[in-house]
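# Examining the three-dimensional arrangement
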Amino acid sequence: MTTAHAPHPDHAHRHGEGCGHVAVPHGDHVDYAHDGHLHQVHDDHVDECEAAAHAPHGEHGHRHGEGCGHVAVPHRDHVDYVHDGHRHAGHDGHWDDH
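Residues numbered from 1 in each chain as written. Predicted model: local features only at pLDDT ≥ 70, side-chain atom pairs only at ≥ 80, totals over all residues. Heavy atoms only, no water.

The subject of this paragraph is the overall build of the protein chain. Scanning the protein chain from terminus to terminus reveals 0 helices and 9 strands. Element order for the protein chain, N to C, with α for helix and β for strand: β-β-β-β-β-β-β-β-β. When burial is assessed residue by residue, the protein chain has 38% of its 98 residues classed as buried. For the protein chain, restricting intrachain contacts to residue pairs at least 6 apart in sequence, the fraction spanning at least 24 positions comes to 47%. Total accessible area on the protein chain is roughly 5900 Å²; 49% of this is exposed by carbon and sulfur atoms. (Helix = DSSP H or I, 4+ residues; strand = E, 2+ residues; numbered from the N terminus. Buried < 20%, exposed > 50% of the residue type's maximum accessible area, 1.4 Å probe, protein only. Contact = heavy atoms within 4.5 Å. Areas by Shrake-Rupley, 256 points an atom, 1.4 Å probe, with all protein chains shown as cover.)

Below, the structure is given as structure tokens:
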């Protein structure tokens, strides 16, 4: 999964195991839910982890929502759900991979 490189300025907090934020597996790295968005540790700084393009998740019959059994992660103006090692977000009647 390709993500845009978007450094998060002035981020003094160090994310990692036990940092207190929800850890979300995402492709070849781990994101951390923080202040309504997702951070990815990158070299000596933290990036905003955002998909580089719209990526619909095909053939997804499961409906995410309260009580669906997947971890809910607040993300900007919506909620993503951790499912099968990535995040799903509702979008115009289908699910996107985030």
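What follows is about the pairing of strand E3 (residues 37-42). In this sheet, E3 lies alongside strand E2 (residues 29-34) in antiparallel orientation, the contact comprising 4 bridges. In the strand pairing of E3, His34 is matched with His37. Taking the residues that link successive antiparallel strands as the turn, the E2-E3 hairpin has 2 residues, and the phi of Asp35 there is positive, at about 55 degrees. (Pairing = 2+ DSSP bridges.)

This part is about the sheet that holds E2. Reading across from one edge, E1-E2-E3-E4 is the order of the 4 strands in this open sheet, with antiparallel pairing throughout. Since the sheet does not close on itself, it has two edges, and those belong to strand E1 (23-26) and strand E4 (45-48), each with one partner. Within the sheet, the average angular offset between the axes of one strand and its neighbour, ignoring direction, is 40 degrees. (Axes fitted to C-alpha atoms, helices over the stretch in contact; angles between N-to-C directions.)

By size, the foremost hydrophobic cluster in this structure holds 6 residues: Val24, Ala33, Leu38, Cys49, Val73 and Val82. Residue contacts for Leu38: discarding those within four places in its chain leaves Val24, Asp31, Tyr32, Ala33, Asp47, Glu48, Cys49, Val73, His75, Asp80 and Arg87. (Core = buried A, V, L, I, M, F, W, Y, C linked by side-chain atoms within 4.5 Å.)

Tracing the backbone through its elements, the reader meets Asp80 in strand E7 (residues 78-83). The buried category is assigned to Asp80, whose relative accessible area is 0%. A distance of 2.9 Å separates polar atoms of two side chains, one belonging to Asp80 and the other to His78. (Polar contact = N/O pair within 3.5 Å; in protein donor to acceptor, adjacent residues only side chain to side chain.)

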